[in-house]
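The primary structure of each chain is shown beneath.
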Amino acid sequence: SNEAGQTNQVILQALHQAIDQVGLPVHCILSLTEEQGDVARSWLLQDPGIDLIIPYGRPGLVQQVVRQAGVPVLPTAMGNCYLYWSASGQLDTVTQMVLDSHRGEPDAVNAIEKVLVHRGCSPSALAQLCHTLWDQDFEVLADEALLADLPSVKPMTTADWGRPFLSKTVAFGLVENVQSAAALINRYSSGHANAIATEAYAEGSRFTQLATSAVVYVNTSPRFVRNPAQAAAIALGMTAQRGRCSGFVGLSALLTTQHILQSLE
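Residues numbered from 1 in each chain as written. Predicted model: local features only at pLDDT ≥ 70, side-chain atom pairs only at ≥ 80, totals over all residues. Heavy atoms only, no water.

Trainee: How should I be thinking about the nonpolar core in this particular structure?
Mentor: General note: in soluble globular proteins, nonpolar side chains tend to be found buried as a group. Ranked by size, the top nonpolar core spans 36 residues in total, and within it Leu-83, Trp-85, Val-98, Val-115, Leu-133 and Phe-172 carry the most contacts. Apart from residues no more than four positions distant in its own chain, Trp-85 is found in contact with Gln-90, Leu-91, Val-94, Val-115, Leu-116, Val-117, His-118, Cys-121, Ala-125, Leu-126, Leu-129 and Ala-197. Judged by nonpolar contacts, the second largest core, of 15 residues, contains Phe-165, Ala-171, Ile-196 and Ala-211. (Core = buried A, V, L, I, M, F, W, Y, C linked by side-chain atoms within 4.5 Å. Buried < 20%, exposed > 50% of the residue type's maximum accessible area, 1.4 Å probe, protein only. Contact = heavy atoms within 4.5 Å.)

This is the structure we're talking about:
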């Protein structure tokens, strides 16, 4: 970003030294200064010589690139990840998942921002989770159905369901079952990473079938790391795009396949 210009230049110098050591052209990696940014962005978005653009940053930036680009774009997603707390889900599991997902700052790509609570969950357990979040300086919101059980929590708006907070904010909503939870997630989430806390294997399997997310996490934190064990080499972000690539944006997203068919006659 423009705010990290000097840091970017130091990082670029280190990358150029590494590139030179392995015999690759130094200009494999370029840095755009603040002065060059607007002009270069307009050129990159329309240049037919560009094979692929992977925009990374806040949703507004990614959406702007997708709208303006005349070349292939692989959009990354950030924020607005959901957790479904089923009736059998344990409070300790939910607490760990929520808190750990926010420990990737300043790169909390998969931070859980919405928690859908099954009607059968204990109100006292939910209240205990809220107090734990408050102790960690979180802002807590809740829909109208939960405000009676959580009188000290701020009410959320309908727009909040589809809005990524990108901060230490968690909103709670009440749902009837796994089907209604998945329907809300499919409608409002970013679609790249969503989770379920459950002790029922069948319910976990059902959720993975219903939730149209690139990656689904069962009883584990969706925290994003730059070099996750489940991705090939380093990950450039996560995408919910269908078709070319879905989930972790790794080396495979940068490759294409050429098929050569030769006659034997």
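The structure having been displayed, the exposition proceeds.
Trainee: Would you mind going over the sheet that holds strand 6 (residues 193-197) with me for this structure?
Mentor: Strand pairing in a sheet relies on backbone hydrogen bonds, with the paired strands running either antiparallel or parallel. The strand order across the open sheet formed by 7 strands is 4-3-5-2-1-6-7, and the pairing between neighbours is parallel. Each end of this open sheet is capped by a strand with a single partner; those strands are strand 4 (154-155) and strand 7 (215-218). Direction of pairing for strand 6 relative to strand 7: parallel, over a ladder of 4 bridges. Within strand 7, the position partnered with Ala-193 by the bridge is Val-215. (Pairing = 2+ DSSP bridges. Helix = DSSP H or I, 4+ residues; strand = E, 2+ residues; numbered from the N terminus.)

Trainee: Before we go on, may I ask you to explain the environment of Val-65 in this structure?
Mentor: Relative to the assigned elements, Val-65 resides in helix 3 (residues 59-68). Taking the C-alpha atoms as reference points, Val-65 and Pro-55, separated by 10 residues in sequence, lie 7.0 Å from one another. Those residues in contact with Val-65 that lie beyond four places of it in its chain are Leu-45, Ile-53, Pro-55 and Val-73.

Trainee: Can you walk me through the pattern of salt bridges in this structure?
Mentor: A side chain of one charge can pair with a side chain of the opposite charge when the charged atoms of the two come close. Counting across every chain of the model gives 5 salt bridges. Measuring nitrogen to oxygen at the nearest pair gives 3.8 Å for the salt bridge that ties Asp-100 to Arg-103. Where Arg-163 meets Asp-160, a salt bridge forms, and the shortest distance between an N and an O atom there is 2.8 Å. The partly exposed category is assigned to Arg-163, whose relative accessible area is 41%. Given the relative accessible area of 6%, Asp-160 is considered buried. Several salt bridges share partner residues, and in doing so they unite Asp-100, Arg-103 and Arg-223 into one network. (Salt bridge = Lys/Arg side-chain N within 4 Å of Asp/Glu carboxyl O.)

Purely geometric stuff here, so don't read any function into it on its own.
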